Amino acid sequence: MYSALEIVASVDRLKSLPAVYHRIRAELESPEGSLNEVARLVTHDGVITGRVLQVVNSPLYGFSGQIDSVMRAVQLLGMQQVHDLVLATAVSEAFDGVDAERMNMRMFWRLSVLRGLAARVIARHCALLDAERMFVIGLLADMGHLVMYLTVPELAERAQTEADTTEQPLHTIERRLIGADYAEVGCALLDSWQLPQGFASAVGGQHTPCTAGAHNFEAAILSLANRVADADRRGLASEDAAGRVDSAIWTHLDLAPSLMGEIREEAELNLAAVTALFFSRH
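The model shown is predicted, which means the values in this text are computed figures rather than measured ones.

Basis of the calculations
Residues numbered from 1 in each chain as written. Predicted model: local features only at pLDDT ≥ 70, side-chain atom pairs only at ≥ 80, totals over all residues. Heavy atoms only, no water. Helix = DSSP H or I, 4+ residues; strand = E, 2+ residues; numbered from the N terminus. Rg over C-alpha atoms; globule rule 2.2 N^0.38 Å. Salt bridge = Lys/Arg side-chain N within 4 Å of Asp/Glu carboxyl O. Buried < 20%, exposed > 50% of the residue type's maximum accessible area, 1.4 Å probe, protein only. Phe/Tyr/Trp six-rings, centres within 6.5 Å; stacked < 30°, edge-to-face > 60°.

**Student:** A description of the overall build of the chain should follow, citing residues and the corresponding values.
**Tutor:** Assigned secondary structure in the chain consists of 18 helices and 0 strands. Taking 19 Å as the expected radius of gyration for a compact globule of 282 residues, we find that the chain reaches 18 Å, a close match to that expectation. Principal axes of the C-alpha set define a box for the chain whose edges measure 55 × 45 × 35 Å.

Here it is in structure tokens:
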């Protein structure tokens, strides 16, 4: 049996993010942080610069007119959204080429993007102030599975097969077979990356939002977004997917189950384009 910390500690390649991300994070958190300095930091990394400009001009944001400078992108987005965009870009760039045994990486990244888009759609329906941030949190929500398929692939695959066969919750099977579930592993990973606390708390609480403390609402959004991704993976109708959502989640978010189809349709609208943008090799 393994703990979440033990699983994360055994994967060296997932332990760090590019230095430019941490510099931008420090600038964001500094009382003297400035848009000019954030733009300067982004432009110092050619790969990040290219990807940021691609993304800001993509359907993900929907700005009118071509944005051809990092400074303009930073002005339009603001420092927090630039931080989140650079984080998503750093993760996609660092792990786009990862090949996990027994895992369909094309499907993994596609579902990760769908989960992120669904989380953003749900957050907007809930009038959450940081709705855009939910895309990145949703994108990272299943990273625990990537770690597990890199470290304990046989057990991870066995848990998924049992969940598909028995209809039992995957996370409860993982705890029984492995000792930790993918949400716990993902939380430990995001903690090791020293991301803002809300990221790890929401990811760690995606199955039991009440355990996510001040970030229980974001965790509830992830719980619903997971059902959208699961419906896509299983080929379920939206009505069936809505029925699999705990009624407490609908109540907590103050949303009706009848919205599932609309949420799913909105999330899928730009799925192919955004997936290709972040994970072109897949």
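Let's pick the thread back up.
**Student:** Kindly report on the pattern of salt bridges, identifying the contributing residues and their values.
**Tutor:** Under the counting rule described, the total for this entry stands at 17 salt bridges. Measuring nitrogen to oxygen at the nearest pair gives 2.7 Å for the salt bridge that ties D164 to R233. Here R233 lies in helix α14 (residues 216-234) and D164 lies in helix α10 (residues 153-166), a separation of 69 residues in the sequence. The exposure class assigned to D164 is partly exposed, which follows from its relative accessible area of 31%. A salt bridge links D181 to R175; its shortest N-O distance comes to 2.6 Å. The class of R175 is partly exposed, set by a relative accessible area of 34%. In this structure, a network of salt bridges that share partners links the residues D164, E167, R227, D230, R233, R234 and R244.

**Student:** Before we move on, could you go through the packing of aromatic side chains and cite the residues and values that matter?
**Tutor:** With the rule as written, the count across this model stands at 3 aromatic pairs. On the basis of an interplanar angle of 70° and a centroid distance of 4.8 Å, the ring pair of F108 and W109 is categorised as edge-to-face. Here the two residues F108 and W109 agree in accessibility, since each one is buried. Plain terms: the ring middles of F135 and F278 are 5.8 Å apart, the flat faces sit at 40° to each other, and that makes the pair tilted. Taken together, the residues F135 in helix α8 (residues 133-140) and F278 in helix α18 (residues 271-278) connect sequence positions 143 residues apart. When sorted by exposure, F135 lands in the same class as F278, which is buried.

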